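# An overview of the molecular structure
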Amino acid sequence: MKKPETIHDVIRHDLCNRCGSCVGLSAGKIVFEDRTGKYLPVIKEPLDDETASLVWNACSGKGFDFPVQKVSVFGDPEGHAYIGHYQQIYTGHTNDPVIRLNSASGGILSSILVWLLDNKMIDGAVVLGMSETEPWLTKPMIATTKEEIMQAAQSKYIISSVNEILPEIGRFNGILAYVGLPGQVQSIRLLQEMNHPFVRNIKYIFGPFYGNTLHFSSIKSFLKSFGEKDYTQISKLYFRYGEWPGNMRVEMKNGRSFELPKFHANYLIPFHILKNSLLCTDLSNEYTDISGGDAWAPVYEERGKGFSMVISRCARGQEILDRMIAEGRLNLEPLSEKEAVEMHSHGYDLKKRGTFIRMRFRSWLGKPNPDYGYLLKGFPFSRYLMEMIISTLFLVLSTGLSRWLVERIPPKTIGKIFEKARKAWKKSTHKIKREKL
C-alpha cells in the first residue's frame, strides 16, 4: 500500500487524527484553524528541518508500527490480534456512586485518576474537558484536583486535540497521568521513545475505547433540528448526561435545553463522522497502561448504572487495579479473551477488519494509507460486500443535501428510526461480522 511521505500528505488525504502533536511541537508555526469546521492543522510558517523532522516522527496519522511498539512499550512482542498486549481483562465499576453516576460507563478511569491523586502518586492528570469560554468546544487541561478531574469525566464525541498542550505538559512541575484516544496515545508513545522533554513527566497512560469522532457540524445540525441556529449561545454541552447510558444534552443561554438518548443521538454518526475514524485500527487503546470502555453485553446493559470492560496492559497498570480492588475502590470480575471479543465484536469487526478493507479500497484509488506494521486479510467476500454498502452509505449521508434533509425531521423521530434500523442491521449482519472473527 502507498504510504504518506509528508505532513502535507497526512493532512490532505484524511489521515490526520487531530491528535494535536504537530501543533504542540511546532512553537506556533502550526495551528488549528476553523475548530467548528474541518478543524485541521494549518502550517502558518515554514518549518526548520529539526522541527519538521520532530513533527513527522511524532505524527501517528502517518502510521504506528504495532509490532515494533509492543516491544518498545511493553518489552514483549506478544499480544492478542484484536485486544493487544494485556495482563488481565475485567468487567465492573467504581464503588464510588458519585463518580459512577457522573462518568460515561463504570467510572473506572475517573476513579483511577482520583485514587492516584489522593495517594500522591501523581500531581496532575492530562484530561479533556469543555472550554469555559467556548463551552461548545473541547479543551485539554491538566487537572490537579478531584473536582477538575470530574469536570472532565464522560465521553466527548467531537474532535479533540489533547496533545496541542504538550508545551504545558513539559512545563508542569510534578508527575502526570495522561488520558487520550488511541491516536493521541500513540503519538505520546513515539515521543517517549524519542525521550522528548515534553513527555518526561508522564508516568501513567490511560485511555477509553474508541469507535469514532464527529465533526462539530454534528452539533450545529442537532441544534438546527430543534430550531436553534446559533451554536455560540450554548452554555453547556454533554454527550453522556445522566445515568448510563446517558443522553446527549445541549443547554442554551436563553434557558432552552435539548436532550436525546445516546443511542438515538447516534443518528448523527453517518452524517458527520470524521473520515480518519474509519482508518483507526485500535478499538481498545492498546498502548495504554490501562484502558476501558462500556461493557456491551445484555447481562450488564439490563442492569443500568454503567459497567466497564477494563484491560490492564502492564505490571504498572495491574498494580493500580490490584491495590484499588484490595482497598474496595473498584468492583472488578475477571473476563476471558473469548468473552471480551464477543462483548465488543461489533467494534473489533469495525476496526480490525473494516479498517483494512477500507484501506484496500483507498489503495485502489491511489490514496496513501497509514502504516501499522501489520496487515489483517483473508476476510470472506460477504464482509467486503458489507463494507461496500457501509462506505457508500457514509459517502451519501455525508453530503450537504442529506444533512439538510435530516435536519427537517424531528430528532426524536429520526433517533427512533435510526435505533430500529441499527438493530435490524446488526441482526442481519451478525453472522457476517462474527464469521471467522
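As the structure is a prediction and not an experimental result, all values here were calculated from the model. (Residues numbered from 1 in each chain as written. Predicted model: local features only at pLDDT ≥ 70, side-chain atom pairs only at ≥ 80, totals over all residues. Heavy atoms only, no water.)

### What to know about the packing of helix α3 (residues 49-58) against helix α9 (residues 182-193)
Here is the rule: Helix axes are fitted to C-alpha atoms over the stretch in contact, other axes to C-alpha atoms as well, and angles between N-to-C directions run from 0 to 180 degrees. Under the DSSP-based scheme used, a helix requires at least four consecutive residues in state H or I and a strand at least two consecutive residues in state E, with every element numbered from the N terminus. In this scheme, roughly parallel covers angles under 35 degrees and roughly antiparallel covers those over 145, while 65 to 115 is roughly perpendicular and the rest are oblique. Whether two residues are in contact is decided by their heavy atoms, any of which lying within 4.5 Å being enough. All amino acids are sorted into three groups, where Ala, Val, Leu, Ile, Met, Phe, Trp, Tyr, Cys and Pro are nonpolar, Asp, Glu, Lys and Arg are charged, and the leftover types, Gly among them, are polar.
Interaxial distance between α3 and α9 falls to 8 Å at its minimum, and their mutual angle equals 125°. As summarised for this structure, α3 and α9 are arranged oblique, according to the angle between their axes. Touching L54, N57 and A58 of α3 are S187, L190 and L191, all from α9. Here the contact of α3 with α9 is built from residues that sort into 4 nonpolar, 2 polar and no charged.

### Focus: the sheet that holds strand β6 (residues 176-179)
The condition that has to hold: Criterion used throughout: strands pair if DSSP finds at least two bridges between them.
Read from one edge to the other, the open sheet built from 8 strands follows the order β5-β4-β6-β7-β11-β12-β3-β13, with strand pairing classed as mixed. Single-partner strands in this sheet number two, and they are β5 (138-143) and β13 (330-334). Adjacent strand axes in the sheet meet at a mean angle of 30°, parallel and antiparallel pairs treated alike. In terms of strand pairing, strand β7 (residues 202-208) meets strand β11 (residues 290-294) through 3 bridges, oriented parallel. Across the sheet, residue P208 finds its bridge partner in β11, namely G292.

### A closer look at the environment of T91
We count it as follows: Burial here depends on accessible area, computed with a 1.4 Å probe over protein chains only, as a share of the maximum for the residue type. Under 20% is buried, over 50% is exposed, and the range in between is partly exposed.
In this fold, T91 is placed in strand β3 (residues 88-94). We classify T91 as buried; its relative accessible area is 3%. With sequence-adjacent residues up to four places away left out, T91 is seen in contact with Y300, S308, M309, N331, L332, E333, L335 and M343.

### Quick word on the environment of F258
Position of F258 among the secondary structure elements: in strand β10 (residues 257-261). For F258, a relative accessible area of 4% translates into the label buried. Separated by 21 residues in the primary sequence, F258 and L237 have C-alpha atoms spaced 9.9 Å apart. Look past the residues within four positions of F258 in its chain and what remains in contact with it is F222, L223, F226, E228, M248, R249, V250 and M252.

### Quick notes on unusual backbone geometry
Cis geometry is found at the peptide bond from W244 to P245, where omega equals 0°. As for its placement among the helices and strands, P245 is situated in the loop between β8 (234-241) and β9 (247-252). For D34, which is not glycine, the phi dihedral falls at a positive 55°. Position of D34 relative to the elements: it lies in the loop between β1 (30-33) and β2 (40-43). With phi around 55°, Y39 is a residue other than glycine that occupies positive phi space. Structurally, Y39 can be placed in the loop between β1 and β2. Y39 gets classed as buried once you look at its relative accessible area, which sits at 3%.

### Description of the pairing of β10
Because side chains alternate across β10, one face comprises the buried residues F258 and L260, and the other comprises S257, E259 and P261, none of which is buried. The hairpin formed by β9 and β10 contains 4 residues between the paired strands, and G255 there has a positive phi angle of roughly 95°.

### Let's talk about a nonpolar patch on the surface
As a reminder of what qualifies: Within the patch definition used here, like charges are joined within 9 Å and nonpolar side chains (Val, Leu, Ile, Met, Phe, Trp, Tyr) within 5 Å, considering only residues with over 30% relative accessible area and no salt bridge. Accessible surface is estimated by sampling points in the Shrake-Rupley manner with a 1.4 Å probe; for residues, cover comes only from the protein chains shown. By salt bridge we mean one thing: a side-chain nitrogen of Lys or Arg within 4 Å of a carboxyl oxygen of Asp or Glu.
A cluster of nonpolar side chains, namely F381, L385, M388, I389 and L393, defines an oily patch on the protein surface of about 520 Å² accessible area. Following the sequence through the fold, L385 ends up in helix α17 (residues 381-397).

### What about the pattern of salt bridges?
Oppositely charged side chains can form a pair if their charged atoms are brought close together. In the structure shown here, the tally under the stated rule is 22 salt bridges. Among the ionic pairs, D371 bridges to K3, the shortest N-O distance being 3.1 Å. With D371 in the loop between α16 (345-364) and α17 and K3 in the segment before α1 (7-12), this pair connects stretches of sequence that are 368 residues apart. Judged by relative accessible area, K3 falls into the partly exposed class, the value being 47%. Here D289 ties to R189 by a salt bridge, and the two come within 3.3 Å at their closest N and O atoms.

### Here's the deal with the packing of aromatic side chains
Quick note on the threshold: Only the six-membered ring of Trp is used, alongside the rings of Phe and Tyr, when aromatic pairs are assigned; centres must lie within 6.5 Å, and planes under 30 degrees apart are stacked while those over 60 apart are edge-to-face, with the rest tilted. Only Lys NZ and Arg CZ are tested; either one counts as a charge over a ring when it is within 6 Å of the ring centre and within 35 degrees of the ring normal.
As enumerated under the stated definition, the model contains 20 aromatic pairs in all. Their ring planes at 90° and their centres at 5.3 Å tell us that F66 and Y287 sit as a pair that is edge-to-face. Of this pair, F66 sits in helix α4 (residues 66-74) while Y287 sits in the loop between α12 (269-272) and β11; the two residues are 221 residues apart in sequence, bridging distant segments of the chain. Both residues of the pair, F66 and Y287, count as buried. Each ring, one from Y157 and one from F239, has its centre 5.9 Å from the other, and the planes form 80°; the classification is edge-to-face. In this pair, Y157 sits in the loop between α7 (146-151) and α8 (166-171) while F239 sits in strand β8, placing the two residues 82 residues apart along the sequence. For F239, a relative accessible area of 6% puts it in the buried group. K62 extends its terminal NZ or CZ atom over the ring of W56, reaching a point 5.6 Å from the ring centre. For the cation-ring pair, R249 lies above Y241, with the distance from its terminal atom to the ring centre recorded as 4.9 Å.

### Looking at the nonpolar core
Here is the rule we go by: The criterion is simple. A nonpolar core is a set of buried Ala, Val, Leu, Ile, Met, Phe, Trp, Tyr and Cys residues joined through side-chain atoms within 4.5 Å.
Among the nonpolar cores identified, the biggest contains 47 residues, and V126, I169, Y178 and I202 are the most heavily contacted of them. Y178 has contacts with V126, V162, N163, Q184, V185, I188, I202, Y204, I205 and F206, leaving out every residue within four places of it along the chain.

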